[in-house]
Amino acid sequence: MSRTRNNVPIAPVANDPLDDSDRASHLLGQFEVSVIHESNTRNWQMKPGRNDPCPCGSGKKYKHCCLNAASVQAAAPADLTWRRLRALLDGYATKMLRFIAEAYGPLALHEAWNEFMCDDDLEFDPDTPLMQLFMPWFFHCWSPDPIATMVGEKSLHNVIPTAAYLSSKGRRLDPLLRRYLESLLTAPFTFFEVLACDPGTGMTLRDVMTQEEHAVTEHGASQGVQRGDLLFGQLASVDRLTMLEAGNGFAIPPMEKAPIIELRAQIASVHPVITHQVLRDWGFELLDLFHEIADRLYNPRLPTLQNTDGDPLSLHKLVFDLNAVPQAAFDALKHLALDELDEDLL
């Protein structure tokens, strides 16, 4: 029987004629294909035609937007940095997947997916709508647990893939891309409240945990949220530019802020000053809370019927004995059914 989380069917791990390594390699291949074709991410592999919609999310044709050199020259410095960074990130996800497969082994994907789903023993689903959240988490937060990992290379235990990638290839990367990736190694996955939104351009977000405010350049996600909404994800800041590196892909309604504040109070009882490192240390608690919220939103529970005192309603069947001829009882009560014919009531 299939299992679900966040309203997404996910098949449990089953007996397979392939061994674990072969199946993991197959899943990693599916993951790579899914990354390339994932429409809700940055569209790293997208090469738009002149008349196609611009991938930046402006709503304009490509030839009238990012292809237009004149508009690039007139853009603000932060916008120029954003355009340049997008070009540098082209193909990065696929390169990271191949690097992880070679360095950590194909089983790393399955291991990271189990941890991301809060230890549910579920096989990775390459069609998950959580791809744009899981992928950055896999790259920038996950690391092999020395006690339970299936990664054989001990030098990579407790090493985040992005850190290993920078150590191996950082000198050959563009300095802007290198600084961007370095910022992701310290940025936490956390909850943000939308303070203001300029659809297609960006939004102002406040970290619910640290109360820090960020002016975020984000052309896509800014079109699907409004003031007061909540998001779960990760921000990256480089050269006075802040971008939404990872997002859950849907607006969380303000009514879900209460449990987030409760978790903030729990963290503050241990750490009076909540820093980015503190939030990374509490990463699994934050991730687990996100899954709980997503479950409530996508798998709502049936309401409990209660009376005005709050007590559960108990349904009863009442049967009455009439000391009258049935036709006489019918004639006496039929006027209560307005606009109904006798034959419809019988």
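Keep in mind the model is a prediction, meaning the values are calculated, not measured.

It is worth spelling out the overall build of the protein chain at this point. For the protein chain, the helix and strand inventory stands at 13 helices and seven strands. Across the 346 residues in the protein chain, those meeting the buried criterion constitute 44%. Sequence separation of at least 24 residues holds for 60% of the intrachain contacts in the protein chain that already meet a minimum separation of 6.

Put simply, the protein chain has an average pLDDT of 80, and 79% of its residues get 70 or more. This model gives residues 35–47 a pLDDT under 50, and the stretch forms 29 contacts once residues within four places in sequence are excluded. Taken together, the stretch residues 69–75 has pLDDT below 50 and engages in six contacts with residues farther than four places along the chain or on a different chain.

Turning to the packing of helix H4 (residues 92–103) against helix H7 (residues 161–169), a few remarks are in order. At a minimum axis separation of 11 Å, H4 and H7 run at an interaxial angle of 90°. It follows that H4 is roughly perpendicular to H7 by the angle criterion. Contact with H4, carried on its side by Tyr92, Lys95, Met96, Phe99 and Ile100, involves Pro161, Thr162, Ala164, Tyr165, Ser168 and Lys169 of H7 and no other residues of that element.

When you tally the buried positions in strand E7 (residues 241–247), you get seven out of seven residues, the bulk of the element. Looking at chain direction, strand E6 (residues 230–238) and E7 are connected through six bridges and run antiparallel. Considered in E7, the bridge of Leu235 is made with Leu244. Counted between consecutive antiparallel strands, the loop separating E6 from E7 contains two residues, among which Asp239 sits at a positive phi close to 50°.

To continue, consider a nonpolar patch on the surface. Together, Leu318, Phe320 and Leu322 make up a nonpolar patch on the protein surface, roughly 410 Å² of accessible area in all. Checked against the element boundaries, Leu318 lands in the loop between helix H11 (283–298) and helix H12 (326–333). We classify Leu318 as exposed; its relative accessible area is 66%.

Another point: a negative patch on the surface. A surface patch of like charges, here negative, comprises Asp339, Glu340, Glu343 and Asp344. Relative to the assigned elements, Glu340 resides in the loop between H12 and helix H13 (342–345). Glu340 gets classed as partly exposed once you look at its relative accessible area, which sits at 42%.

So, about the side chain of Glu218. Looking at the secondary structure, you find Glu218 in the loop between strand E5 (213–217) and E6. Since its relative accessible area comes to 16%, Glu218 is described here as buried. Non-local contacts of Glu218, meaning those with residues more than four positions away in its chain, are made with Gly200, Thr201, Gly202, Met203 and Leu244.

Next up on the list: the pattern of salt bridges. For the structure on display, the rule yields seven salt bridges. For Asp174, the salt bridge is made with Arg84, and the minimal N-O distance between the two is 3.0 Å. Taken together, the positions of Asp174 in the loop between H7 and helix H8 (175–184) and Arg84 in helix H3 (residues 77–89) put the pair 90 residues apart, joining distant regions of the chain. In this structure, the salt-bridge partner of Glu193 is Lys257, at a minimum N-O distance of 2.9 Å. Taken together, the residues Glu193 in strand E3 (residues 190–198) and Lys257 in helix H9 (residues 257–270) connect sequence positions 64 residues apart. One salt-bridge network, held together by shared partners, links Glu193, Arg206, Glu213 and Lys257.

Basis of the calculations
Position numbers for residues start from 1 in each chain and track the written sequence from start to end. Confidence filtering applies because this is a predicted model: local features only for residues at pLDDT of at least 70, side-chain atom pairs given and counted only at 80 or more, and all residues used for totals across whole chains, interfaces and linings. Side-chain numbers here rest on the full set of heavy atoms in the structure, without hydrogens or water. Where helices and strands are cited, they refer to DSSP runs of H or I of at least four residues and of E of at least two residues respectively, numbered from the N terminus. Summary of the burial criterion: residues with accessible area below 20% of their type's maximum are buried, those above 50% are exposed, and those between are partly exposed, where the area comes from a 1.4 Å probe applied to protein chains only. By definition in these notes, contact holds between two residues if any of their heavy atoms fall within 4.5 Å. For every residue, the predictor assigns a confidence score, pLDDT, that lies between 0 and 100. Fitted lines through C-alpha atoms serve as axes, helices being fitted only where they are in contact, and the angles separating the N-to-C directions of these axes extend from 0 to 180 degrees. Any angle from 65 to 115 degrees is called roughly perpendicular, while one under 35 is roughly parallel, one over 145 is roughly antiparallel, and all others are oblique. When DSSP finds at least two bridges between two strands, those strands are taken to pair. Excluding any residue in a salt bridge, patches collect residues exceeding 30% relative accessible area, merging like charges within 9 Å and nonpolar Val, Leu, Ile, Met, Phe, Trp and Tyr side chains within 5 Å. Surface exposure here means Shrake-Rupley accessible area, sampled with a 1.4 Å probe, where a residue is shielded only by the protein chains that are shown. Each reported salt bridge corresponds to a side-chain nitrogen of Lys or Arg within 4 Å of a carboxyl oxygen of Asp or Glu. Only four residue types enter the charge count: Lys and Arg as positive, Asp and Glu as negative, with His and the chain ends excluded. All charge positions are set by atom: Lys at NZ, Arg at CZ, Asp at CG, Glu at CD.

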